[in-house]
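The residues making up each chain are set out below.
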Amino acid sequence: MTKRFSALAVSAAIVGGFFITSVPAHAATSADRGGVSVKASVTCNTSQLRQQIANLKTKAAKLKQLGETAAARKALSDAAALQKKLDACIKADDDASKPFPG
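Residues numbered from 1 in each chain as written. Predicted model: local features only at pLDDT ≥ 70, side-chain atom pairs only at ≥ 80, totals over all residues. Heavy atoms only, no water.

Student: Any chance you could break down the overall build of the protein for me, citing the residues and the numbers?
Tutor: Across its full length, the protein carries 3 helices and 0 strands. What you see in the protein, going N to C, is helices and strands ordered as α-α-α. Split into buried and exposed, the 102 residues of the protein put 11% on the buried side. Surface accessibility of the protein: about 8,400 Å² in total, with carbon and sulfur atoms responsible for 64%. (Helix = DSSP H or I, 4+ residues; strand = E, 2+ residues; numbered from the N terminus. Buried < 20%, exposed > 50% of the residue type's maximum accessible area, 1.4 Å probe, protein only. Areas by Shrake-Rupley, 256 points an atom, 1.4 Å probe, with all protein chains shown as cover.)

Written out as structure tokens, the structure is:
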């Protein structure tokens, strides 16, 4: 009985070790491939994003003037989100142009 138990424990340890070492490697490979394809397909139209940001800020100013503070805050929040996206796109374009970033 003890031989069976020890053999079962060793088998479980080997299988567990196999799964622990193989799953992260597989996950990293598939995630890496997905990241590369997404990065290659994303393009940023900076002039269009800047125009949208300006339009949202103008809209927020008009709404604030009309007393619609909640809608104005929403428009400014949307403008800030677009600005963050624009900054990320510009940074990604700058980093992508360098052969060895760093």
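Student: Give a description of the nonpolar core that names residues and reports values.
Tutor: Soluble globular proteins: nonpolar side chains tend toward being buried together. With 6 residues, the main nonpolar core is built from L49, I53, L56, A79, L82 and L86. Those elements that place two or more of their residues in this core are helix 2 (46-65) and helix 3 (69-97). With sequence-adjacent residues up to four places away left out, L82 is seen in contact with L49, Q52, I53 and L56. (Core = buried A, V, L, I, M, F, W, Y, C linked by side-chain atoms within 4.5 Å. Contact = heavy atoms within 4.5 Å.)

Student: Could you give an account of the state of the cysteines, with specific residues and numbers?
Tutor: Counted according to the given criterion, the structure contains 1 disulfide. Between the sulfur atoms of C44 and its disulfide partner C89 the distance amounts to 2.1 Å. Taking the sign of the S-S torsion, -70 degrees for the link of C44 and C89, the bridge is left-handed. Of this pair, C44 sits in the loop between helix 1 (2-41) and helix 2 while C89 sits in helix 3, and the two are 45 residues apart along the sequence. By relative accessible area, which is 25% here, C44 ends up partly exposed. (Disulfide = S-S within 2.5 Å.)

Student: Describe the pattern of salt bridges, with residues and values.
Tutor: Here the structure, examined in full by the defined rule, presents 1 salt bridge. Residue D78 pairs with K74 through a salt bridge whose shortest N-O separation is 3.1 Å. Linking D78 with K74, this pair stays in helix 3, spanning 4 residues, or about one helical turn. Residue D78 is classed as partly exposed on the basis of its relative accessible area, which comes to 28%. (Salt bridge = Lys/Arg side-chain N within 4 Å of Asp/Glu carboxyl O.)

Student: Any details on the environment of A61? Residues and values, ideally.
Tutor: Within the secondary structure layout, A61 lies in helix 2. The exposure class assigned to A61 is partly exposed, which follows from its relative accessible area of 46%. Note: C-alpha distance between A61 and A72 (11 residues apart in sequence) is 6.9 Å.

Student: Requested: an account of helix 2, with residues and values cited.
Tutor: Because an α-helix completes one turn every 3.6 residues, residues spaced three or four positions apart along the sequence face the same direction. A rise of 1.5 Å per residue sets the reference length of helix 2, with its 20 residues, at 28 Å; its end C-alpha atoms lie 29 Å apart and thus fit the reference within 8%. For helix 2, the complete set of buried residues consists of L49, I53, L56, A60 and L63. Looking straight down helix 2, one finds its buried side chains confined to an arc of 90 degrees; they lie on one side. Across helix 2 from its buried face, at more than 90 degrees, point the exposed residues S47, K62 and Q65. (Expected span 1.5 Å × (residues − 1). Arc of directions from axis to C-beta.)

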